[in-house]
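Below are the chains, spelled out letter by letter.
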Amino acid sequence: MAIKRGVSLYSYQNETFTGKMTLEDCIRTSAELGAKGIEVIGEQSFWGWPEYAVDPAAIANWHGLIAKYDCVPVSHDFMLDYKRFKGRIMSVEEQVASVRRDIEFGAQLGVKYLRALVSISPEVLVAAAPYAEEKGLKILIEVHAPLHFDHPWIVRHAEAFEKSGSDALGFLPDMGMFLHAFPPVWYEKFLRMGVPKNIADYIVKAYEDRTLSEYVVQAVRDMGAEGPALGMVETLRHNAAFEPKRMLDYMPRIHNIHGKFYEITDDYVEPSIPYDQITAVLKQGGYDGYICSEYEGNRWIEDAQEPDSVEQVRRQQVMLARLLGEPEDPRITTPAYAVAAE
Amino acid sequence: MMDNKMIVEGSLANYAEGGVVKGFQFLGRLPYYRGLGLSMVEDIAVEIDGETVAREDVRFSVRGKTYTLDEMETVYDDRWNFGEKATIIVLKDGGLAHGEHQVGMAVRYRVSYLPFVPTTRFTKTLALAA
């Protein structure tokens, strides 16, 4: 089995938000790129979920499109809003009940995996696991920066998963945790926000030098940083260049990958995330699931230009296809969307 | 995110009840990559031509249902969907004069996984059609 390519429809959020791209546009475009695995945030793609019933016609449409474009439903990413009630956090029992509903929704969509956000506690997932097993699904906690595979919170999850004896629990690593360089689109955004260039350059260099973030924060304060410059240096406390090889210890429980990226240049490189190392590690570990594109550069550029999510996803899919040794570059043959919409 | 798409272009109008102008309205979207249950929308602050509107004068309307902001805090069976254009109604006797107005919108929303409560704001100049 080989590593497979997919897309999280999160990637097209700027286009779907305004209705410029429909669900069919998203699925067809991904399929044309050979990214046949489709991941959704249920409540982004299906109106109503989880507060009120999703129109059965929307579910039927989903299955129709998956069949029409020969795709595979990979994951339903659920949110579990445990702060739904103002002033109190939902009890473990309430949270488990909520996850059970998402398991049912995932089963309706025909996915194999459910993405759990990293803030959800292990006892909730362990308690929900038997129901996931019953429905033939696995719940994967998204290991996402600033967390990483050596963080005690993730270690606690791993220990709880082993103790549970359930194979319906696992991990979904987000490649953003392997941030090996300060993303150029972040740098440009902070300059637009008014960060003095000398401070911005200092932060980028300190990141390259792997300087402990606390030292960089202090140094930048000493340089007279305020407002957006403090915001820029703060990103160093939430991101780090962890090592892709740390995934190897967890391979048996890794079943889906978020191919996070902030920008793919026109020569098919993500300047801040080492996809060559990442794919090498995944091959070494015998990974045979999907890498789903997750474009997140949109929010870093939208103040200056309209994001072109489709072009960014296309570039990442070309990059991945090459790294995975596919003989041909993926390409889009049908215009991704028809009309402009507000 | 989606800050510049929160306030929908060309959507400013006066709001009438029984033929009497009682205020104004515009279409607004939740600036987020997903929707949210209404109980998690903590505030929608509106500014018109630099003047802040009182919270109790704001109404939120989706799919034929209209809520005050206080009511929304305990609504668990309805949501502001991803990209959904909600009608934001502001009660103001006589509404607005025709012409251009500066409309400001600031949404404060409770996101379970965030260790803080974000507010996203944007201001746009919209014309009230004659």
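Parameters and conventions
Residues numbered from 1 in each chain as written. Chains lettered and ligands numbered in written order. Predicted model: local features only at pLDDT ≥ 70, side-chain atom pairs only at ≥ 80, totals over all residues. Buried ≥ 20, exposed ≤ 12 C-beta atoms within 10 Å, placed from the backbone. Helix = DSSP H or I, 4+ residues; strand = E, 2+ residues; numbered from the N terminus. Arc of directions from axis to C-beta. Contact = placed C-beta atoms within 7 Å. UniProt positions renumbered as here; feature names shortened; annotations may be inferred. Axes fitted to C-alpha atoms, helices over the stretch in contact; angles between N-to-C directions. Parallel < 35°, antiparallel > 145°, perpendicular 65-115°, else oblique. Left-handed = near helix turned anticlockwise from the far one by under 90°. Pairing = 2+ DSSP bridges. Nonpolar A, V, L, I, M, F, W, Y, C, P; charged D, E, K, R; others polar. Core = buried A, V, L, I, M, F, W, Y, C linked by C-beta atoms within 7 Å.

1. Points about helix α8 (residues 184-192) of chain A
Residues and elements named next belong to chain A.
(1) Moving on: Looking at α8, one finds that the buried residues are Trp 186, Tyr 187, Lys 189 and Phe 190. Buried residues of α8 fall within an arc of 165° about the axis and therefore sit on the same side.
(2) Moving on: Here the buried face of α8 lies against α9 (197-208), α11 (228-234) and α13 (298-301).
(3) Moving on: A positive phi of about 105° marks Gly 194, the residue just after α8.

2. Focus on the UniProt feature "domain: C-glycoside deglycosidase beta subunit" (unreviewed entry) in chain B
(1) Moving on: In the numbering used here, UniProt assigns the feature "domain: C-glycoside deglycosidase beta subunit" (unreviewed entry) to residues 2-113 of chain B.
(2) Moving on: Split by type, residues 2-113 of chain B is 4% helix and 48% strand. Its first and last C-alpha atoms lie 19 Å apart.

3. With respect to the packing of helix α6 (residues 122-135) of chain A against helix α7 (residues 152-164) of chain A
All names here are of chain A.
(1) Moving on: Look at α6 against α7: their axes get within 10 Å of each other, and the N-to-C directions meet at 25°. As judged from the angle between their axes, α6 and α7 are roughly parallel. Considering the relative orientation of α6 and α7, their crossing is right-handed. The residues of α7 that touch α6, namely those facing Pro 122, Val 126 and Ala 129, are Arg 156, His 157, Ala 160 and Ser 164.

4. Some details on the environment of Glu 226 of chain A
(1) Moving on: Of note, Glu 226 of chain A is situated in the loop between α10 (213-222) and α11.
(2) Moving on: Residues Glu 226 of chain A and Val 195 of chain A, spaced 31 residues apart in sequence, show a C-alpha to C-alpha distance of 8.5 Å.

5. Observations regarding the sheet that holds strand β8 (residues 290-295) of chain A
Pairing between the strands of a sheet comes from backbone hydrogen bonds, and it takes one of two forms, parallel or antiparallel.
Residue and element names in this part refer to chain A.
(1) Moving on: If you walk across this open sheet you meet the eight strands as β6-β5-β4-β3-β2-β1-β8-β7, and the pairing is parallel. Strand pairing shows two members of the sheet lacking a second neighbour, β6 (169-173) and β7 (256-261), which therefore form its edges. Going from strand to strand, the sheet's axes swing by 30° on average, the running direction of each strand aside.
(2) Moving on: Where strand β2 (residues 37-41) and strand β3 (residues 72-77) come together, five bridges link them in parallel fashion.

6. A closer look at the interface of chain B and chain A
(1) Moving on: Listed by partner, the interface residues are 23 residues for chain B and 25 residues for chain A.
(2) Moving on: Its residues assigned to classes, the side of chain B that touches chain A shows eight nonpolar, seven polar and eight charged.

7. So, the pairing of strand β4 (residues 41-48) of chain B
Residue and element names in this part refer to chain B.
(1) Moving on: Across seven bridges, β4 lies against strand β10 (residues 99-109) in antiparallel orientation. Across the sheet, residue Ile 44 finds its bridge partner in β10, namely Val 107.
(2) Moving on: Relative to strand β5 (residues 51-52), β4 is paired through two bridges, and the arrangement is antiparallel. Looking at β5, one finds that Ile 48 is bridged to Glu 51.
(3) Moving on: The turn joining β4 and β5, which pair antiparallel and follow one another in sequence, is formed by two residues; a positive phi near 50° is taken by Asp 49.

8. Observations concerning the UniProt feature "domain: Xylose isomerase-like TIM barrel" (unreviewed entry) in chain A
(1) Moving on: Residues given the UniProt feature "domain: Xylose isomerase-like TIM barrel" (unreviewed entry) here are residues 29-305 of chain A.
(2) Moving on: In this annotation, residues 29-305 of chain A is assigned 43% helix and 14% strand; the end-to-end C-alpha distance for the span is 22 Å.

9. Considering the nonpolar core
(1) Moving on: Leu 125, Ile 139, Ile 141, Val 143 and Ile 203 of chain A are the most contacted members of the largest nonpolar core, which totals 123 residues.
(2) Moving on: For Leu 125 of chain A, the residues in contact, after removing those within four places along its chain, are Ala 116, Ile 120, Ile 139, Ile 141 and Leu 169 of chain A.

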